[in-house]
Amino acid sequence: MKTALILNGPNLNLLGTREPAVYGSHTLADVENLCAQACATHGFVLDFRQSNHEGELVDWLHEAGRLQVAGNLAGVILNAGAYTHTSVALHDAIKGTGITLIELHISNVFAREAFRHHSYISPAAKAVMCGFGVSGYALAIAGLAGMQAGD
Ligand code: DQA
């Protein structure tokens, strides 16, 4: 079974209490449970992580690259949080490893402040999931399954 690596960036550990009008009331633990169910449905091993540190996210993308080379990665779903809008390093890590990656946002970033409209992740991503709330995680896992099947 291949791994679906779900990476969450800064402040996503605050889900549940962080701006509930924007991000809803589900916690990150709830999101992990949702992802576990979706991975069970689609036959993936779930690896679910969160970090507030850019370099740690870069290291995890490199790890994903090695997993992909070994044939054990279904893909990465990355909610890079605010690093989406600032991080050339994350862009370069995705490009440099050639991993299959879906960019994800809980909120519709295009309906929010102008500084959220630009993403350094999108040009390096295979697909973008945005604005579906936390359900987007399950939808993105289904999307990865579709990619595996060559849909
Ligand atoms: C986010 C959107 C980003 O603009 C923001 O900085 C986040 C969360 C989202 O999931 O909607 O931290 O990625």
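Residues numbered from 1 in each chain as written. Predicted model: local features only at pLDDT ≥ 70, side-chain atom pairs only at ≥ 80, totals over all residues. Heavy atoms only, no water.

A. Representation of the overall build of the protein chain within the structure. Across its full length, the protein chain carries 5 helices and 5 strands. Mapped from its N terminus to its C terminus, the protein chain presents α and β elements in the order β-α-α-β-α-β-α-β-β-α. Taken across its 151 residues, the protein chain has 46% of its residues classed as buried. Residue pairs at least 24 apart in sequence account for 77% of intrachain contacts in the protein chain once pairs closer than 6 positions are excluded. For the protein chain, the exposed area adds up to about 7,000 Å²; of that, 54% sits on carbon and sulfur atoms. For the protein chain, the separation between the mean place of its 8 positive charges and that of its 12 negative charges on side chains is 5 Å. (Helix = DSSP H or I, 4+ residues; strand = E, 2+ residues; numbered from the N terminus. Buried < 20%, exposed > 50% of the residue type's maximum accessible area, 1.4 Å probe, protein only. Contact = heavy atoms within 4.5 Å. Areas by Shrake-Rupley, 256 points an atom, 1.4 Å probe, with all protein chains shown as cover. Lys, Arg positive; Asp, Glu negative; His and termini not counted. Charge placed at Lys NZ, Arg CZ, Asp CG, Glu CD.)

B. The arrangement of helix α2 (residues 28–42) in detail. Its 15 residues give α2 an end-to-end C-alpha distance of 21 Å, which sits within 8% of 21 Å, the value for a rise of 1.5 Å per residue. When α2 is considered as a whole, its buried residues turn out to be Leu-28, Val-31, Cys-35, Ala-38 and Cys-39. Viewed end-on, α2 has its buried residues packed into an arc of 100°, placing them on one side of the element. Across α2 from its buried face, at more than 90 degrees, point the exposed residues Gln-37, Ala-40 and Thr-41. The first or second residue beyond α2 is Gly-43, which carries a positive phi of 75°. (Expected span 1.5 Å × (residues − 1). Arc of directions from axis to C-beta.)

C. Structural detail: the packing of aromatic side chains. Here the structure, examined in full by the defined rule, presents 0 aromatic pairs. The side chain of Arg-49 reaches across the aromatic face of Trp-60, ending 5.2 Å from its centre. (Phe/Tyr/Trp six-rings, centres within 6.5 Å; stacked < 30°, edge-to-face > 60°. Lys NZ or Arg CZ within 6 Å of the ring centre and 35° of its normal.)

D. Structural view of the state of the cysteines. Tallying each qualifying case throughout the model produces 0 disulfides. In this structure Cys-35 is a free cysteine whose sulfur lies 6.4 Å from that of Cys-39, the closest cysteine sulfur available. In this structure Cys-35 comes out as buried when scored by relative accessible area, which is 0%. Assessed through its relative accessible area of 1%, Cys-39 is described here as buried. (Disulfide = S-S within 2.5 Å.)

E. Representation of the sheet that holds strand β5 (residues 127–130). Pairing is parallel across the open sheet formed by 5 strands, whose spatial order is β2-β1-β3-β4-β5. Looking along the sheet, the strands with just one partner apiece sit at the ends: β2 (45–50) and β5. The mean inter-strand angle of the sheet, taken between neighbouring strand axes irrespective of direction, is 20°. Where strand β3 (residues 73–79) and strand β4 (residues 101–105) come together, 3 bridges link them in parallel fashion. (Pairing = 2+ DSSP bridges. Axes fitted to C-alpha atoms, helices over the stretch in contact; angles between N-to-C directions.)

F. Just the nonpolar core, in detail. Counting 24 residues, the largest nonpolar core has Ile-6, Val-31, Phe-44, Ile-77, Ile-106 and Ile-141 as the members making the most contacts within it. Counting residues per element, the ones that place at least two in this core are β1 (3–8), α2, β3, β4 and α5 (135–149). When near neighbours in sequence (up to four residues on either side) are disregarded, Ile-6 contacts Cys-35, Leu-46, Asp-47, Phe-48, Arg-49, Ile-77, Tyr-137 and Ile-141. In terms of nonpolar packing, the next biggest core, distinct from the first, is built from 20 residues, Leu-7, Val-58, Ile-99 and Leu-101 among them. (Core = buried A, V, L, I, M, F, W, Y, C linked by side-chain atoms within 4.5 Å.)

Limitation: the analysis is restricted to geometry and does not speak to function.
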